[in-house]
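Chain and residue survey
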Amino acid sequence: MENKFVPLWANVIEAQVESDTHVLSDLPLENREEFGPIIVTFYSLKGGVGRTTSLSRTALILANQGYRVVCVDGDLEAPGLSDVFDVAAPIANDKGLLPLLVSLEVGDISGEELLSHFNKVGNLDLYVLPAGNLTSEYARALRWVDVETWYSGERNPARILNKMIAESPLKPDVIIWDARTGISQTSAPFLFSESDVAIICFNPNLQAKAGNALISRGMATTKNYRGLNVEPRYVLSPLPNTVSEFNRLRERGIEWISEWISPLQRGRKAGAELIPEEIICTVAYNERMASKDHVDFTEDLSDYSTIANWISSIVPPRISNVTKVNDSEAGMNNVIQELYEVSKRNTGVAETDKEHEAFFIESEQYTRILDDSTSFVLGRKGTGKTSLFIHLLNTRNAVPLAAPRLLQRQYQFTPDINRYLDWHRKHHEEAGAWRRFWLIQTIVSFTRGDIAFEQLKDYSEADLSNTLNTVFTADNQGSSGIFIVDGLDDGFGSDITGNLVRMRAIEGLLDYWYQYGSNFTRYKFKIFVRYDLWQRTQVVNKSHFYGYSVELKWKQEDYLNIVTKLASRSDLFARYYCKQQRIPYIGENTHLLINHEEAWRLIFGERMDAGKSAYTRSWVWNRLADAQGEHSVRMLLVLFRECLSREVIDPRKTKTLIRPRYLIDSLDNVSQQARSALEEEYSLELANVFNRLERIDTSPFTIDRMGDIDKTTIDLAVSVGLLEEKSDGRLSVPDLYRYAFKVGRRGQA
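Rules used throughout
Residues numbered from 1 in each chain as written. Predicted model: local features only at pLDDT ≥ 70, side-chain atom pairs only at ≥ 80, totals over all residues. Heavy atoms only, no water. Helix = DSSP H or I, 4+ residues; strand = E, 2+ residues; numbered from the N terminus. Contact = heavy atoms within 4.5 Å. Areas by Shrake-Rupley, 256 points an atom, 1.4 Å probe, with all protein chains shown as cover. Lys, Arg positive; Asp, Glu negative; His and termini not counted. Charge placed at Lys NZ, Arg CZ, Asp CG, Glu CD. Phe/Tyr/Trp six-rings, centres within 6.5 Å; stacked < 30°, edge-to-face > 60°. Buried < 20%, exposed > 50% of the residue type's maximum accessible area, 1.4 Å probe, protein only. Expected span 1.5 Å × (residues − 1). Salt bridge = Lys/Arg side-chain N within 4 Å of Asp/Glu carboxyl O. Axes fitted to C-alpha atoms, helices over the stretch in contact; angles between N-to-C directions. Parallel < 35°, antiparallel > 145°, perpendicular 65-115°, else oblique. Nonpolar A, V, L, I, M, F, W, Y, C, P; charged D, E, K, R; others polar. Pairing = 2+ DSSP bridges. 1 Å grid on protein atoms, 1.4 Å probe; cavity = no way out; pocket = protein on both sides within 12 Å on 5 of 7 lines; lining within 4 Å. Points joined across faces, edges and corners; volume = space filled by probe spheres on them. Core = buried A, V, L, I, M, F, W, Y, C linked by side-chain atoms within 4.5 Å. Left-handed = near helix turned anticlockwise from the far one by under 90°. pLDDT = per-residue confidence, 0-100.

1. Comments concerning the overall build of the protein
- From N to C terminus, the protein includes 32 helices and 17 strands.
- When its C-alpha atoms are laid out on the principal axes, the protein stretches across 105 × 60 × 45 Å.
- For the protein, the share of sequence-separated contacts (at least 6 apart) that also reach a separation of at least 24 residues comes to 77%.
- Summing over all exposed atoms, the protein offers an accessible surface of approximately 31,200 Å²; the carbon and sulfur share of this is 47%.
- With 86 positive and 101 negative side-chain charges, the protein shows a spacing of 2 Å between the two charge centroids.

As structure tokens, this is what we get:
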């Protein structure tokens, strides 16, 4: 679409947002293959913020990844990009960007002539078009540059040049422009009209706020040469090396960007918004790099890999990086249908899942849990505590002292809620009563109920200790094993009495372990406790317990592999995987051959092809995190099932089994289920928080928006992952719950 808008700064600032915004990464990846190279502009309102440094390092990363990259020195007033790349070839007076623009404004040039203006960088597919040779003739030519004439006349030399570069033998994947700093007439067209992506570099000090807000707004009010909005990305540079200052300025930058991109959120549905944390790159001050005259081909470029990933994510592949599917549509639909059936049998509720072992992940953390020095396994709701409990029951000589409610029928000698309530009613004033409760329960469980709880309830603690020794001595096998406890967060209800009994039972268990745990030489304890309950316990010498505890925290790889490990137990998927990977199918053991990252790409694709260009793995990981950064297995499997249900209803031939846009479409339902699970558990303690969030429109928000809710209750909401407390005292709601409460991001229209 031809854009007749004249991108002068005054016009950009005065323009209004008149329609929904659309950027290149909104388009499915396969629809971009006809678009030619991606054009990226690096810009900064002020100098000294690492714009050219970021550009050169990003170009080098892309070239090292095999992309063909052309860099154009568009800083006509202060050129120097060739020097940054250490290009030794001298620049002739008639070579460079400025002479090209002058020539193209009046007539065409040949492709051969065009190539003569470029310099190759090293042995890579990386080329630089210098601004020109700084002579008196160059200075005179610069005076005649008139952007308004470009857009109101017959020939637009900037657009013609980009088209010629795209069609030249260089065949670039990416064209990168280094735009002039500040409100310069030559920076506006490259920033708003002639690029697909703008990388805006700034230091988040107050001098940068107002100007960059206008620039960001301009991307919503203008359309580029494709008839789309330019897509913004932000580099915060250089940030201080001290952790506290680095984090403070990063958080300030995120807050500002949330506001700046508000106009670009127009028309975007839930899950497809631009997320500030995903469109920033933070770079700390590096004295060694800052003092270099030119890019070092051997230096560590990792600080700039985020920028390179932004660009590579929207580059149309020469050969699609999405696996080509040769199966018939019916064949793929059968795989999807079977995966859907598998997903319905595995909900993430460990007590009821039919194929629990299919998605058990034996991680590094699992090894620590098995260590004899670990007695307490802490985890938030849904993180997999009960899955581990069941796994240990099935694979170890485990004696359950307490079990989740849905497993108590299988282990009838374990206590149910009535036993806990009855004990509390009769012994709540007795010192050490709950320690005695767990002594009794150990004897009952070790004998598998042969000695009943009722038989021992009136024994003194000394008598119980002697009985326990007698029981162990009578164990002729002399076996070793583990005493295992779970279910203390389950079935107590949310009323005051239920909560009190639960906390007393947990505190009594800790007291019992402290007094008697070391007496057991052949049996070790594995006690599973929900993290927020652990934090609320009040016991003597609590710090002592931390040395014997492990907190369940998922690594991204292990967490996401739950989906692919579960999928690999589908025979149709295993056959499908083998066909795509061209490896032999070996029957029921085929799941052992599956590479989980490859399996993920077959299911979801590598990148989001709608709404934004993030990696699908990163997108899922970020959206399913609660405010504490914890991840629920249950919600991951809900997301998987929701996506599959949409594919079953709307079967079509696609390059992946699940269209990435269904991840976005399913997020609202996942959020609703996450909210329901939280409300079910904390219906009493957090009722006021749930009600108040219904009236919050955007996040983050100031704490006064919570009304008269006390700080203790807010701290509980933070502890369970519903709210995050920012360093400036504001509160925010994570994506996992934000959609369910219909809370928008600050800066989202």
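2. Some thoughts on the packing of aromatic side chains
- Across all of its chains, the model carries 44 aromatic pairs by this definition.
- Consider the rings of Trp534 and Phe545, whose centres lie 6.4 Å apart with planes at 85 degrees: the pair is edge-to-face. In this pair, Trp534 is assigned in helix α22 (residues 531–536) and Phe545 in helix α23 (residues 542–546), connecting sequence segments 11 residues apart.
- Here the aromatic rings of Trp554 and Tyr559 are separated by 6.1 Å at their centres, their planes lie at 55 degrees, and the arrangement is tilted.
- For Trp554, a relative accessible area of 21% puts it in the partly exposed group.
- When its relative accessible area of 0% is taken as the criterion, Tyr559 is described as buried.
- Joined through ring pairs, the aromatic side chains of Phe446, Phe472, Phe483, Tyr512, Tyr516, Phe520, Tyr523 and Phe525 make up one cluster.

3. Details of helix α11 (residues 243–260)
- A rise of 1.5 Å per residue sets the reference length of α11, with its 18 residues, at 26 Å; its end C-alpha atoms lie 25 Å apart and thus fit the reference within 8%.
- Taken as a whole, α11 has its buried residues at Phe246, Leu249, Gly253, Ile254, Trp256, Ile257, Ser258 and Trp260.
- The secondary structure elements touched by the buried residues of α11 are β6 (197–202), α10 (206–221), β7 (231–239) and β8 (280–284).

4. What about the pattern of salt bridges?
- Applying the stated criterion across every chain yields a total of 44 salt bridges.
- Among the salt bridges present, the one from Arg180 reaches Asp75, with a minimum N-O distance of 3.2 Å. Note that Arg180 is positioned in the loop between β5 (174–179) and α9 (187–193) and Asp75 in the loop between β2 (69–74) and α3 (81–84), a separation of 105 residues in sequence.
- When its relative accessible area of 24% is taken as the criterion, Arg180 is described as partly exposed.
- Residue Glu642 is joined to Arg646 by a salt bridge in which the shortest nitrogen-to-oxygen separation is 3.1 Å. Here the residue Glu642 and the residue Arg646 both occupy positions in helix α28 (residues 633–649), the gap between them amounting to four residues, near one helical turn.

5. Remarks on the packing of helix α26 (residues 596–604) against helix α27 (residues 616–623)
- Across the interface, α26 lies against α27 with an axial gap of 10 Å and an inter-helix angle of 85 degrees. Comparing their axes, α27 and α26 come out roughly perpendicular. In this structure, α26 uses His596, Glu597, Trp600 and Phe604 to contact α27, whose residues at the interface are Thr616, Arg617 and Val620.
- Across the contact of α26 with α27, the residue classes tally to three nonpolar, two polar and two charged.

6. Considering the sheet that holds strand β11 (residues 481–485)
- Read from one edge to the other, the open sheet built from five strands follows the order β10-β11-β12-β9-β13, with strand pairing classed as parallel. Here the strands that pair on one side only, and so sit at the sheet edges, are β10 (398–402) and β13 (549–551). On average, each strand axis in the sheet is tilted by 20 degrees relative to the strand beside it, whichever way the strands run.
- Here five bridges tie β11 to strand β12 (residues 523–530), and the two strands are oriented parallel to one another. Note that in β12 the partner of Val485 across the bridge is Ile527.

7. Notes on empty space enclosed by the protein
- Applying the stated criterion across every chain, the model contains three cavities of 30 Å³ or more.
- Estimated volume of the largest cavity: approximately 270 Å³.
- In terms of lining residues, the largest cavity is bounded by 22 residues, among which Lys381, Gly382, Ser632, Leu678 and Tyr737 are the most central.
- Listed by contribution, the elements that provide at least two residues to the lining of the largest cavity are α22, α28, α29 (660–681) and α32 (735–738).

8. Thoughts on the nonpolar core
- Phe573, Val620, Leu657, Val689, Leu693, Leu722 and Leu723 are the most contacted members of the largest nonpolar core, which totals 69 residues.
- If one sorts the elements of this core by residue count, α28 sits on top with nine residues.
- Residues contacting Leu723, with those up to four places away along its chain left out, are Ala627, Val689, Leu693, Phe701, Met706, Ala717, Val718, Leu731, Ser732 and Val733.
- Core analysis: the next-biggest nonpolar cluster, separate from the first, contains 62 residues, Leu388, Phe472, Val485 and Ala505 among them.

9. So, the side chain of Thr41
- Relative to the assigned elements, Thr41 resides in strand β1 (residues 38–44).
- Residue classification places Thr41 among the buried positions, given a relative accessible area of 0%.
- Ignoring any residue separated from it by four or fewer positions in sequence, one finds Thr41 in contact with Trp177, Ala179, Phe190, Leu191, Ser195, Val197, Ala198 and Ile199.

10. Things to note about the packing of helix α24 (residues 556–567) against α28
- Between α24 and α28, whose axes approach to 10 Å, the crossing angle comes to 50 degrees. The orientation of α24 relative to α28 falls into the category oblique. For the element pair α24 and α28, the recorded crossing hand is right-handed. Of the residues in α28, those touching α24 at Tyr559, Leu560, Ile562, Val563, Leu566 and Ala567 are Val633, Leu636, Leu637 and Phe640.
- The residue makeup of the contact of α24 with α28, split by class, is 10 nonpolar, no polar and no charged.

11. So, the confidence of the model for the protein
- Averaged over all residues, the pLDDT of the protein equals 86, while 92% of them reach at least 70.
- Within the model, pLDDT remains below 50 along residues 319–330, and this stretch shows 28 contacts once partners closer than five positions in the same chain are excluded.
- Here residues 350–354 is a poorly scored stretch, pLDDT under 50, and it has 19 contacts once near neighbours within four places are set aside; other chains count.

12. Digging into the pairing of β2
- Among the six residues of β2, six are classified as buried, and the element is accordingly described as predominantly covered.
- Going residue by residue along β2, you find Val69, Cys71 and Asp73 tucked away on one face and Val70, Val72 and Gly74 tucked away on the opposite face as well.
- In this structure, β2 lies alongside strand β4 (residues 126–129), joined through four bridges in parallel fashion. Bridging across to β4, Cys71 finds its partner in Val128.
- Looking at chain direction, β2 and β5 are connected through six bridges and run parallel. Residue pairing for β5: Asp73 is matched across the bridge by Asp178.

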